[in-house]
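# Structural overview
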2 protein chains.
Amino acid sequence: MDQLSATFAALADPTRRAILARLTEGPATVKELSEPFDISGPAISKHLRVLEKAGLITRGREAQWRPCQLDATPLREVTVWAENYRRFWDASYARLDALLTEMKEKD
Amino acid sequence: MDQLSATFAALADPTRRAILARLTEGPATVKELSEPFDISGPAISKHLRVLEKAGLITRGREAQWRPCQLDATPLREVTVWAENYRRFWDASYARLDALLTEMKEKD
DNA sequence: AGGTTAGATAACCAAGTGGTTAGGTACGAG
DNA sequence: CTCGTACCTAACCACTTGGTTATCTAACCT
């Protein structure tokens, strides 16, 4: 699975997006991350592994804790990808796009 | 499944992203969309249904053709969501963010 | 009417996903 | 040393997914 697909797949789950949102407030242990959810530890572990494989989090090792930290660089690729479609929803951008195309055709 | 999850799930497949890329050049029939891929018609049909349920395409009806058209509005929600994480990858944005936080704390 | 083309549906299969429980490892505290 | 805590792996389950082939409908063209 390519990087972008892995990122999109990881983001497709609300629990994982909530974990990322929590991590914007700083690193957290697995226990802390699992608090808001009504699911078992192993389920959280699996979500974290998906996020880790997608490169969205990195994990440290402190005694018996394995602190998680956000790594948002894959999200930059997501926005870069989505930017190619901006002209299809952003009216003002579409006008600019049309203008640029027109100018290019005049060359 | 919520809208955002459906969109991310739809985008997690390279074939579906390629279909969207093709549709930026204008509407296309199912046959046209399936040309570049080495998979069966029903497989394409399934991909199109996923894209349709995610609101990324709309489908018309012309004689025996069912032309597909891009609808990028869900992608706007994707960028809106990702924008909340920009400060974690964009250094200059992070500095601006820190400045704003500092100003807020002075109030 | 008969044949061809576009496309959808149905039934099936292998693999993946999101969850569980049970049990194992590693570390700190008493 | 033993106990509790944090976390992981393994095995299992129901459901979904991405693909297939076979079959159906709908429209066009002779």
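Rules of the game
Residues numbered from 1 in each chain as written. Chains lettered and ligands numbered in written order. Predicted model: local features only at pLDDT ≥ 70, side-chain atom pairs only at ≥ 80, totals over all residues. Heavy atoms only, no water. Core = buried A, V, L, I, M, F, W, Y, C linked by side-chain atoms within 4.5 Å. Buried < 20%, exposed > 50% of the residue type's maximum accessible area, 1.4 Å probe, protein only. Contact = heavy atoms within 4.5 Å. Least-squares fit on C-alpha atoms with pLDDT ≥ 70 in both. Near = heavy atom within 4 Å. Polar contact = N/O pair within 3.5 Å; in protein donor to acceptor, adjacent residues only side chain to side chain. Helix = DSSP H or I, 4+ residues; strand = E, 2+ residues; numbered from the N terminus. Axes fitted to C-alpha atoms, helices over the stretch in contact; angles between N-to-C directions. Parallel < 35°, antiparallel > 145°, perpendicular 65-115°, else oblique. Left-handed = near helix turned anticlockwise from the far one by under 90°. Patch = residues over 30% accessible without salt bridge, like charges linked within 9 Å, V, L, I, M, F, W, Y side chains within 5 Å. Areas by Shrake-Rupley, 256 points an atom, 1.4 Å probe, with all protein chains shown as cover. Salt bridge = Lys/Arg side-chain N within 4 Å of Asp/Glu carboxyl O. Domains from an automatic or database assignment. Nonpolar A, V, L, I, M, F, W, Y, C, P; charged D, E, K, R; others polar. Phe/Tyr/Trp six-rings, centres within 6.5 Å; stacked < 30°, edge-to-face > 60°.

## Here we look at the nonpolar core
The biggest cluster of nonpolar side chains holds 52 residues, and the ones touching the most others in it are Leu20 and Trp81 of chain A together with Leu20 and Trp81 of chain B. When neighbours within four sequence positions are excluded, Trp81 of chain A is seen to be in contact with Leu4 and Phe8 of chain A together with Leu11, Arg17, Leu20 and Leu75 of chain B.

## Quick notes on the relation of the copies chain A and chain B
If you rotate chain A by 180 degrees and push it 0.1 Å along the axis, it lands on chain B with an RMSD of 0.1 Å. The superposition operator between the copies reduces to a two-fold rotation axis.

## Digging into the protein's contact with DNA strand C
Surrounding DNA strand C, one finds 20 residues, the nearest of these being Ser40, Lys46 and His47 of chain A together with Lys31 and Ser45 of chain B. Restricting the count to atoms of DNA strand C within 4 Å of the protein gives a sugar and phosphate share of 78%. Between DNA strand C and Lys31 of chain B, the relevant distance is 2.6 Å, taken from a phosphate oxygen to a main-chain nitrogen or oxygen of the residue. A distance of 2.7 Å separates a phosphate oxygen of DNA strand C from a polar atom in the side chain of Arg59 of chain B.

## Some words on unusual backbone geometry
Both trends apply: most residues other than glycine have a negative phi, and most peptide bonds are in trans. With a phi close to 50 degrees, Ala63 of chain A is a non-glycine residue in the positive phi region. With respect to the helices and strands, the residue Ala63 of chain A is situated in the loop between strand 1 (57-59) and strand 2 (68-70).

## Some thoughts on the packing of helix 5 (residues 73-83) of chain A against helix 5 (residues 73-83) of chain B
Running from N to C, helix 5 of chain A and helix 5 of chain B point in directions that differ by 150 degrees, and their axes come no closer than 10 Å. The angle between helix 5 of chain A and helix 5 of chain B places the two elements in the roughly antiparallel class. Crossing of helix 5 of chain A against helix 5 of chain B: the hand is left-handed. Across the interface between the two elements, Leu75, Val78, Thr79, Trp81 and Ala82 of chain A of helix 5 of chain A pack against Leu75, Val78, Thr79, Trp81 and Ala82 of chain B of helix 5 of chain B.

## Structural notes on a nonpolar patch on the surface
A contiguous nonpolar patch, built from Tyr93, Leu96, Leu99, Leu100 and Met103 of chain A and spanning about 460 Å² of accessible area, is present on the exposed surface. Here Met103 of chain A shows up in helix 6 (residues 91-106).

## Thoughts on the domain arrangement of chain A
All names here are of chain A. Split by domain assignment, chain A resolves into domain 1 (1-71) and domain 2 (74-107). When each unit is reduced to the centre of its C-alpha atoms, the spacing between domain 1 and domain 2 is 33 Å. Listed by partner, the interface residues are 9 residues for domain 1 and 5 residues for domain 2. Across the contact surface, domain 1 and domain 2 share 0 salt bridges. Our count for the domain 1 to domain 2 interface comes out at 0 residue pairs in polar contact (both at pLDDT 80 or more). Counted by class, the side of domain 1 that touches domain 2 contains 5 nonpolar, 3 polar and 1 charged residues.

## What about the packing of aromatic side chains?
One pair of aromatic rings is described through two measures. These are the centre distance and the angle between the planes. Under the defined criterion, the tally for this structure stands at 7 aromatic pairs over all chains. Each ring, one from Phe8 of chain B and one from Trp81 of chain B, has its centre 5.5 Å from the other, and the planes form 75 degrees; the classification is edge-to-face. Here Trp81 of chain B lies in helix 5 and Phe8 of chain B lies in helix 1 (residues 3-11), a separation of 73 residues in the sequence. This pair shows no difference in class: Phe8 of chain B is buried, exactly as Trp81 of chain B is. Put simply, the rings of Phe8, Trp81, Tyr85 and Phe88 of chain A together with Phe8, Trp81, Tyr85 and Phe88 of chain B pair up and form one aromatic cluster.

## Here's the deal with the packing of helix 1 of chain B against helix 5 of chain B
Between two packed helices, the angle of one axis relative to the other and the distance separating the axes together describe the packing. Residues and elements named next belong to chain B. Packing of helix 1 against helix 5 leaves a shortest axis separation of 10 Å and a crossing angle of 100 degrees. On the basis of their axis angle, the class for helix 1 and helix 5 is roughly perpendicular. Of the residues in helix 5, those touching helix 1 at Gln3, Leu4, Thr7, Phe8 and Leu11 are Pro74, Leu75, Glu77, Val78 and Trp81. Of the residues in the contact of helix 1 with helix 5, the class split is 7 nonpolar, 2 polar and 1 charged.

## Comments concerning the pattern of salt bridges
Between side chains of opposite charge, a pair can form when the charged atoms approach closely. Considering all chains together, one arrives at 12 salt bridges over all chains under this definition. Put simply, Arg76 of chain B and Glu77 of chain B hold a salt bridge, and the shortest N to O gap is 3.3 Å. Its relative accessible area of 37% is what places Arg76 of chain B among the partly exposed residues. The exposure class of Glu77 of chain B is partly exposed, given its relative accessible area of 35%. Connected through shared salt-bridge partners, Glu83, Arg86 and Asp90 of chain A make up one network.

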